[in-house]
Amino acid sequence: EENEELNPYYLDFNEERPMYKAANSRVMMMKTTADNVEADEEVAGVAEAGSMLSFSQAQTFTLSKEYTLNTKQTIASKNYSKSIMIASDTTKAMFKHFSTPKLNEKVFYEALLPNWEDMNLLETNCDVFLNGKYVANSSINTTTTKDTLYFSAGEDKNVKVSRKVIKSSPTKNSIFSSTVEEVVTVSIKLNNMKQTSIDLNLKDQVPISQNADLKISDIKTDEGTLDANTGIISYNLTLTPKQEKILTFSYTVKYPKGKKVTLN
C-alpha cells in the first residue's frame, strides 16, 4: 500500500471538491527487524565499499555493466526460469515515518540512502522484500539528481494514528444576523508502540475558500506549520518509545444562514 498526497481542499456550498493524487514512491529490497526499524539500519540490496560478495566479476561500460560469473552454473532443461545470485551488497540507511490521516489512518515509512551514487546502481525493476517476505515490485531510478534516494518500505503497524473531527453547532452573531459561524476542531491521536524513537512527518489541512460568502478565520494549528497558500499543515515530530501524543487544530467558518457546507 502507498501513502497518498494531500492537496488543497477548496470549500464551497453544497459540494466537496478535494483534489487528490497518488504519491509517487519507490521501494527496494530491505532487511528490517520484526518489531522496529532504527536509523542507520542495514538494508539488503545495495552496498558499502568493499562489501561485494564474490559471486561474479563486474565490468562497467558507458551505458551498461557486464558480469562474468566466477563459477559454472547448471541449468536444467525445464519449463521454468532459474535465478542466479550475481552480487550481494549492503549499505546504511536512515528511516523516516510519514502519515496523512485525513486520507488514510496508517503510518508509512521510507528508507533514505544518502550515499547511493557510490554504489554503482543500475536503473532497473526490483522486487521488494521485508523480513524475508515479498511486498511489491518497484524500480530504481538512477537518473535522479537528488543527493538522497528515497524508497518506500510500506506500512509500520507499530505506530498508530487516529483522527476525530468535532463540529460545533452553528451560531448566529446576533438575532438579526443573516450569517452563522461554525467551529471545526480536529484531534489526532498518535501512539508509538515501538521500543525506539521515530521521526514522523504528518500532514493535515484546513480548507481554502474562493467564495466571498464563505470566510475562514481563527485558525489555530497547535505545533503545526501552516502553508497559507495551500491550507496544508505540516508536523515534524519525534515520538519517544511508547509515547502517546494528541495534536489538535481548529478553524472557524462563517457562511450565510440556510446554506449547507461540508466543512472538513
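Figured I'd write up the structure that's included with this text.

1. Looking at the overall build of the protein
At step 1: Along the protein, the regular secondary structure elements total zero helices and 21 strands.
At step 2: The buried share of the protein, taken over its 264 residues, is 39%.
At step 3: When contacts within the protein are restricted to residue pairs at least 6 apart in sequence, long-range pairs at least 24 apart make up 69% of them.
At step 4: With the model as given, the accessible surface of the protein reaches about 15,600 Å², and the carbon-plus-sulfur share is 47%.

2. What to know about the pairing of strand E21 (residues 244-256)
At step 1: Taken together, the 13 bridges between strand E15 (residues 179-192) and E21 define a ladder with antiparallel strand orientation. When the sheet's bridge partners are listed, Thr179 is paired in E21 with Pro256.
At step 2: Alignment of strand E18 (residues 215-220) against E21, held across four bridges, turns out to be antiparallel. Each bridged residue has a counterpart across the sheet, and for Ile216 the counterpart in E21 is Val253.

3. Quick word on unusual backbone geometry
Both trends apply: most residues other than glycine have a negative phi, and most peptide bonds are in trans.
At step 1: In this structure, Asp218 takes a positive phi of about 50° despite not being glycine.
At step 2: For Asp218, a relative accessible area of 46% gives the class partly exposed.
At step 3: Here the phi dihedral of Asp222 falls at roughly 60°; this positive angle occurs in a residue that is not glycine.
At step 4: Mapping Asp222 onto the fold places it in the loop between E18 and strand E19 (225-226).

4. Side note on the nonpolar core
At step 1: Judged by nonpolar contacts, the single largest core of 27 residues is most densely connected at Ile188, Leu190 and Phe249.
At step 2: Among the elements of the structure, strand E2 (9-12), strand E13 (159-167), E15, strand E16 (198-205), strand E20 (232-239) and E21 are those that each provide at least two residues to this core.
At step 3: Residues in contact with Ile188, not counting those within four places in the same chain, are Pro101, Val161, Ser162, Arg163, Leu202, Asp204, Lys245, Ile246, Leu247 and Phe249.
At step 4: Counting 14 residues, the second largest nonpolar core, distinct from the first, contains Phe95, Ala111, Leu113 and Ile140.

5. A short note on the pairing of strand E8 (residues 90-100)
The side chains of a regular strand alternate, residue by residue, between the two faces of the sheet.
At step 1: Two strands pair when backbone bridges link them, and E8 and strand E9 (residues 104-113) are joined in this way by six bridges, in the antiparallel orientation. Across the sheet, the residue bridging to Lys96 is Glu110, located in E9.
At step 2: Pairing of E8 with E16, which is carried by three bridges, proceeds in the parallel orientation. Pairing of Phe98 across the sheet is with Asn201, part of E16.

6. Here we look at the side chain of Asn201
At step 1: Along the polypeptide, Asn201 turns up in strand E16.
At step 2: Under the relative-accessibility criterion, Asn201 is labelled buried at 16%.
At step 3: Discounting residues that sit within four places of it in the chain, Asn201 has contacts with Lys96, His97, Phe98, Ser99, Tyr235 and Asn236.

7. Regarding the pattern of salt bridges
At step 1: Tallied over the entire structure, the rule returns four salt bridges.
At step 2: Of the charged contacts, one joins Lys106 and Glu155 as a salt bridge, the two residues approaching to 4.0 Å between their closest N and O atoms. Taken as a pair, Lys106 in strand E9 and Glu155 in strand E12 (residues 149-155) lie far apart in primary sequence, 49 residues in all.
At step 3: A salt bridge links Lys194 to Asp156; the nearest nitrogen and oxygen atoms lie 3.0 Å apart.

8. Some remarks on a nonpolar patch on the surface
At step 1: On the surface, Tyr67, Leu69, Ile86 and Leu122 cluster together into a nonpolar patch covering about 300 Å² of accessible area.
At step 2: Following the sequence through the fold, Ile86 ends up in the loop between strand E7 (65-69) and E8.

9. Some words on the environment of Pro114
At step 1: The residue Pro114 is located in the loop between E9 and strand E10 (124-130) in this model.
At step 2: Residue class for Pro114 comes out partly exposed when judged on its relative accessible area of 37%.
At step 3: Between the alpha carbons of Pro114 and Leu149 there is a distance of 6.6 Å; along the sequence they are 35 residues apart.
At step 4: Not counting residues up to four positions away in its chain, the partners in contact with Pro114 are Asp147 and Thr148.

10. Concerning the environment of Thr90
At step 1: By secondary structure assignment, the location of Thr90 is in strand E8.
At step 2: Between the C-alpha atom of Thr90 and that of Met119, which follows or precedes it by 29 residues, the distance is 9.4 Å.

What counts and what doesn't
- Throughout this document, residue positions are counted from 1 along each chain, in the order its sequence is written.
- Confidence filtering applies because this is a predicted model: local features only for residues at pLDDT of at least 70, side-chain atom pairs given and counted only at 80 or more, and all residues used for totals across whole chains, interfaces and linings.
- No hydrogens and no water enter the side-chain calculation; it runs on all heavy atoms of the structure.
- Helix numbering and strand numbering both begin at the N terminus, where a helix is a DSSP run of H or I of at least 4 residues and a strand a DSSP run of E of at least 2.
- Residue burial is assigned from relative accessible area. The probe radius is 1.4 Å, only protein chains are included, and a residue is buried under 20% of its type maximum, exposed over 50%, and partly exposed in between.
- Only heavy atoms enter the contact rule, under which two residues are in contact if any of them lie within 4.5 Å.
- We get accessible surface area from the Shrake-Rupley algorithm with a probe of 1.4 Å; when it comes to residues, only the shown protein chains can shield them.
- Following DSSP output, two strands are said to pair if at least two bridges run between them.
- Buried Ala, Val, Leu, Ile, Met, Phe, Trp, Tyr and Cys residues form a nonpolar core when they are joined through side-chain atoms within 4.5 Å.
- Salt bridges, as used here, are contacts in which a Lys or Arg side-chain nitrogen is within 4 Å of a carboxyl oxygen on Asp or Glu.
- Note that patches include only residues with greater than 30% relative accessible area and no salt bridge, and the join distances are 9 Å for like charges and 5 Å for nonpolar side chains (Val, Leu, Ile, Met, Phe, Trp, Tyr).

Coordinates in, geometry out; function isn't part of it.
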